[in-house]
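Coordinates in review
In case you want the letters, here they are:
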Amino acid sequence: GITPEKTFRTEGFNSAIGTVLFDGNQVYGVSMHGELCGLDAATGRRLWTSLALTGETVPKDKWFTAFLVPYNKHNFIFTDKGDLFIARLSVAGYEQLDKAHLCDPDMPLGARKVIWSHPAFANRCIIVRRNSELVAFSLAATE
């Protein structure tokens, strides 16, 4: 079981909807204001923070969500703004390799709109569902 010494502390991150990744030594996820974080898995201590996914210089978008999906030595990160990032996540930090805007969000959340559906992957494509449509994009060029 999990002992109190091994639980994450609130200074780690608080991901409400998005997925997190665990690589054996680090945990990666997005906190509710869009801070992409790397944590030491043994202590829960934050190793680094980046706002690269939000495009902001200060945390702003409450309930910001991103879905992290490992792929070979990279990660696909699909955000609630409809952006797909291809990145490396490591103890040293976030390294963006590529980015594409796939579609505009269409679900109202306060003053902004979001996509809160995890993408699907099949036949070398990413399939994205927003409220009004389901769209597939080829990932063949990323291989």
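Presented here is a report on the structure given in the accompanying data block. Every residue gets a number counted from 1 within its own chain, in the order that chain's sequence is written. For this predicted model, a pLDDT threshold of at least 70 governs which residues receive local features, and a threshold of 80 or more governs which side-chain atom pairs are given and counted, while totals over whole chains, interfaces and linings are taken from all residues. Side-chain figures throughout are based on the complete set of non-hydrogen atoms in the structure, without hydrogens or water.

Taken together, the 4 bridges between strand 3 (residues 36-40) and strand 4 (residues 46-50) define a ladder with antiparallel strand orientation. Bridge assignment links Gly38 to a residue of strand 4, and that residue is Trp48. Linking strand 3 back to strand 4 in an antiparallel pair, the connection comprises 5 residues, with Gly44 at a positive phi of about 80°. DSSP bridges decide pairing: two strands pair if at least two such bridges lie between them. Each helix is a run of H or I in the DSSP string that is no shorter than four residues. Each strand is a run of E no shorter than two, and both are numbered from the N terminus.

By size, the foremost hydrophobic cluster in this structure holds 14 residues, and its most contacted members are Leu36, Leu53, Leu68, Ile77, Leu89 and Tyr94. Only buried residues count toward a nonpolar core, which is a set of Ala, Val, Leu, Ile, Met, Phe, Trp, Tyr and Cys residues joined through side-chain atoms within 4.5 Å. The buried label applies to any residue whose accessible area, calculated with a 1.4 Å probe on protein chains only, is under 20% of its type's maximum; exposed applies above 50%, and partly exposed to all values in between. In terms of nonpolar packing, the next biggest core, distinct from the first, is built from 12 residues, Phe76, Leu84, Ile86 and Cys103 among them.

Geometry of aromatic contacts follows a simple scheme: Phe, Tyr and Trp rings, the Trp one being its six-membered ring, pair when their centres are within 6.5 Å, and the pair is stacked under 30 degrees between planes, edge-to-face over 60, tilted otherwise. Using the criterion set out here, one finds 3 aromatic pairs in the structure. Note on Tyr28 and Trp48: the rings are 6.1 Å apart at their centroids and 35° apart in plane angle, and the pair reads as tilted. Taken as a pair, Tyr28 in strand 2 (residues 26-30) and Trp48 in strand 4 lie far apart in primary sequence, 20 residues in all. By relative accessible area, which is 2% here, Tyr28 ends up buried. Taking the relative accessible area as the measure of exposure, Trp48 reaches 11% and is therefore buried. Every member of this aromatic cluster is reached through a ring pair, and the members are Tyr71, Phe76 and Phe121.

This brings us to unusual backbone geometry. Phi at Asn72 is positive, roughly 50°, even though this residue is not glycine. Assignment of secondary structure puts Asn72 in the loop between strand 5 (66-71) and strand 6 (74-79). Unusually for a residue other than glycine, Asn123 sits at a positive phi of about 50°. With respect to the helices and strands, the residue Asn123 is situated in the loop between strand 11 (120-122) and strand 12 (125-129). For Asn123, a relative accessible area of 75% gives the class exposed.

Judged by pairing direction, the sheet is antiparallel, and its 4 strands sit side by side in the order 5-6-7-8 without closing on themselves. At either margin of the open sheet sits one strand with a lone partner, and together these are strand 5 and strand 8 (93-101). Direction aside, the axes of adjacent strands within the sheet are offset by 25° on average. For every element, the axis is a line fit to its C-alpha atoms; helices are fit only across the contacting stretch, and the angle between N-to-C directions ranges from 0 to 180 degrees.

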